[in-house]
Amino acid sequence: MPSLQSSKLAFIGGGNMASAIIGGLLSNNVAKSNIFVAEPWDVNRNKLAATGVQTTTSNVEAGAQADLVIIAVKPQVAQTVCEELGASWSGRERLPVVVSIAAGITLGSLQEWARTKDGRAPHVVRVMPNTPALVAEGASGAFASSDVTAEEKELVNALLGSVSKATEWVEKEELLDVVTGLSGSGPAYFFAMVEHLVASATALGLPQDQATRLATQTCLGAGKMLVESSDEPSQLRKNVTSPNGTTHAALQTFEGLGFKDIVDKAVKAATDRAAELGKK
Ligand SMILES: NC(=O)c1ccc[n+]([C@@H]2O[C@H](COP(=O)([O-])OP(=O)(O)OC[C@H]3O[C@@H](n4cnc5c(N)ncnc54)[C@H](OP(=O)(O)O)[C@@H]3O)[C@@H](O)[C@H]2O)c1
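Residues numbered from 1 in each chain as written. Predicted model: local features only at pLDDT ≥ 70, side-chain atom pairs only at ≥ 80, totals over all residues. Heavy atoms only, no water.

K.L.:
Can you walk me through the packing of aromatic side chains in this structure?
P.N.:
The description of an aromatic ring pair uses the distance of the two centres, along with the angle that the planes make with each other. Applying the stated rule across the entire model yields one aromatic pair. Ring centres 4.8 Å apart and planes at 25° place the aromatic pair F254 and F259 in the stacked group. Residue class for F254 comes out partly exposed when judged on its relative accessible area of 34%. Under the relative-accessibility criterion, F259 is labelled partly exposed at 33%. A cation sits over an aromatic face here: K153 above W169, 4.7 Å from the ring centre. (Phe/Tyr/Trp six-rings, centres within 6.5 Å; stacked < 30°, edge-to-face > 60°. Buried < 20%, exposed > 50% of the residue type's maximum accessible area, 1.4 Å probe, protein only. Lys NZ or Arg CZ within 6 Å of the ring centre and 35° of its normal.)

K.L.:
Can you help me understand the UniProt feature "domain: Pyrroline-5-carboxylate reductase catalytic N-terminal" (unreviewed entry) in the protein in this one?
P.N.:
UniProt tags residues 8-104 as "domain: Pyrroline-5-carboxylate reductase catalytic N-terminal" (unreviewed entry). Split by type, residues 8-104 is 37% helix and 20% strand. Its first and last C-alpha atoms lie 26 Å apart. (UniProt positions renumbered as here; feature names shortened; annotations may be inferred. Helix = DSSP H or I, 4+ residues; strand = E, 2+ residues; numbered from the N terminus.)

K.L.:
I'm lost on the sheet that holds strand β6 (residues 124-128) in this one. Help?
P.N.:
Across a sheet, paired strands are connected by hydrogen bonds in the backbone, their directions being either parallel or antiparallel. Across the sheet, which stays open at both edges, the eight strands sit in the order β3-β2-β1-β4-β5-β6-β7-β8 with mixed pairing between neighbours. With partners counted over all chains shown, the strands left at the sheet margins are β3 (54-56) and β8 (164-169), one partner each. Strand-to-strand twist in this sheet, taken as the mean axis angle between neighbours without regard to direction, amounts to 20°. As judged from the four bridges shared by β6 and strand β7 (residues 138-144), these two strands associate in the antiparallel manner. Bridging across to β7, V127 finds its partner in A142. Contacts from helix α6 (residues 150-161) reach β1 (9-12), β4 (68-71), β5 (97-100), β6, β7 and β8 within the one sheet, and its direction differs from that of β8 by about 145°. (Pairing = 2+ DSSP bridges. Axes fitted to C-alpha atoms, helices over the stretch in contact; angles between N-to-C directions. Contact = heavy atoms within 4.5 Å.)

K.L.:
Before we go on, may I ask you to explain the site of the ligand in this structure?
P.N.:
The immediate surroundings of the ligand are formed by 22 residues, with N16, M17, E39, V73 and K74 found nearest. The separation between a nitrogen atom of the ligand and a polar side-chain atom of N59 is 3.0 Å. Take A103: an N or O atom from its main chain is 3.0 Å from an oxygen atom of the ligand. Calculation on the ligand without its partners gives an accessible area of 880 Å², and the protein chains cover 75% of this total. (Near = heavy atom within 4 Å. Polar contact = N/O pair within 3.5 Å; in protein donor to acceptor, adjacent residues only side chain to side chain. Areas by Shrake-Rupley, 256 points an atom, 1.4 Å probe, with all protein chains shown as cover.)

K.L.:
Help me understand the UniProt feature "binding site: NADPH" (unreviewed entry) in the protein, please; the structure alone is not making it clear to me.
P.N.:
UniProt feature "binding site: NADPH" (unreviewed entry): in the numbering of this structure it lies at N59. In this fold, N59 is placed in helix α3 (residues 59-63). In this structure, N59 is in contact with I12, A38, V81, E84 and L85, ignoring residues within four places of it in sequence.

K.L.:
Is there a simple way to explain the pairing of β4 in this structure?
P.N.:
For a regular strand, the rule is simple: side chains alternate between the two faces of the sheet. In β4, alternate side chains face the same way, and those of L68 and I70 on one face and V69 and I71 on the other are all buried. Looking at chain direction, β1 and β4 are connected through four bridges and run parallel. Bridge pairing links L9 to L68 in β4. Taken together, β4, helix α4 (residues 78-88) and β5 form a β-α-β motif whose crossover is right-handed. (Right-handed = clockwise from strand over helix to strand, strands pointing away.)

K.L.:
Which parts of the structure should I look at to understand the nonpolar core?
P.N.:
A general trend in soluble globular proteins is that nonpolar side chains are found buried together. Judged by nonpolar contacts, the single largest core of 32 residues is most densely connected at L9, F11, I22, L25, I35, L68 and V127. For this core, the secondary-structure elements that each account for two or more residues are β1, α1 (16-27), β2 (35-38), β4, β5, β6, β7 and α6. At seven residues, the largest contribution of residues to this core is made by α1. Among all residues touching L68, those that are not within four sequence positions of it are K8, L9, A10, V97, V99, L155, V156 and L159. In this structure, I12, C82, A114 and L176 belong to the second largest nonpolar core, which totals 29 residues. (Core = buried A, V, L, I, M, F, W, Y, C linked by side-chain atoms within 4.5 Å.)

K.L.:
Is there a simple way to think about the confidence of the model for the protein in this case?
P.N.:
The predicted structure's coordinates, where accompanied by low pLDDT, should not be read in detail. Summing up the model confidence of the protein, the mean pLDDT is 96 and the portion of residues at 70 or higher is 100%. This complex was scored by the predictor with a pTM of 0.95 and an ipTM of 0.98. (pLDDT = per-residue confidence, 0-100.)

See below:
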């Protein structure tokens, strides 16, 4: 198995998540000439072509020489794409490793759909990345089919390691749905929180640009403390919360309105939706 630097990587679908991973790979000096993207929409394709990677409208062409094929289309399109690729690999001696980032779509389905005409199934790794991959601050969960070799896993680890600060291999495939509800969708939860914070402060009279700068830096600073401090999140929270002070007043309001219950229900809704996408 070649190393990440010498591997040919094909992205099938060049949308938000593929672009984030490719951006992270390029800032880690992965050769542009080894990155191929198949993307039907000219706007997305042209954006990616402008970064210097190889682009095409043909999934078969992108995947023809690849060592790793990253399925980065919406879950609803995964079957068509895998069937097209599997059929095109029928004459190929060594099949590429398939890495699917499609939420919910199971290893069993992916292997079945990507089977060659002579009945061989590619080795498949399911990965759940997140968009902070773009700034090399991603968090990814992963689960491999039992036929994936240690070398292939290493290659996927190297791919994820170049865009993620945390890569967690989960013990059971179903746990990837929980990872989806936590870190896959998670960046959106923080973006929504910042949107609400800015709106609240603006409604209370702070100019929007100042509110935005303060809220975004607060989010970054808190995130950095979570990563760098040896204290638990609960301790970091307590450190901000003076007895009967301002933070106490805000946190009491959150809890009084069911904050924990809201978070539980939201993460469960995302987890359930991932499982549902896999069943359709
Ligand atoms: N965005 C995230 O934060 C995130 C995080 C983790 C995992 N994921 C997973 O990543 C996958 C992609 O999500 P995304 O947010 O990047 O979606 P997206 O922005 O819609 O990207 C998907 C791309 O695939 C293209 N496409 C559609 N049909 C295709 C085909 N037959 N062959 C090749 N490309 C095709 C789409 O083009 P058109 O626009 O022309 O249809 C689109 O540009 C999903 O399965 C999602 O579950 C996303």
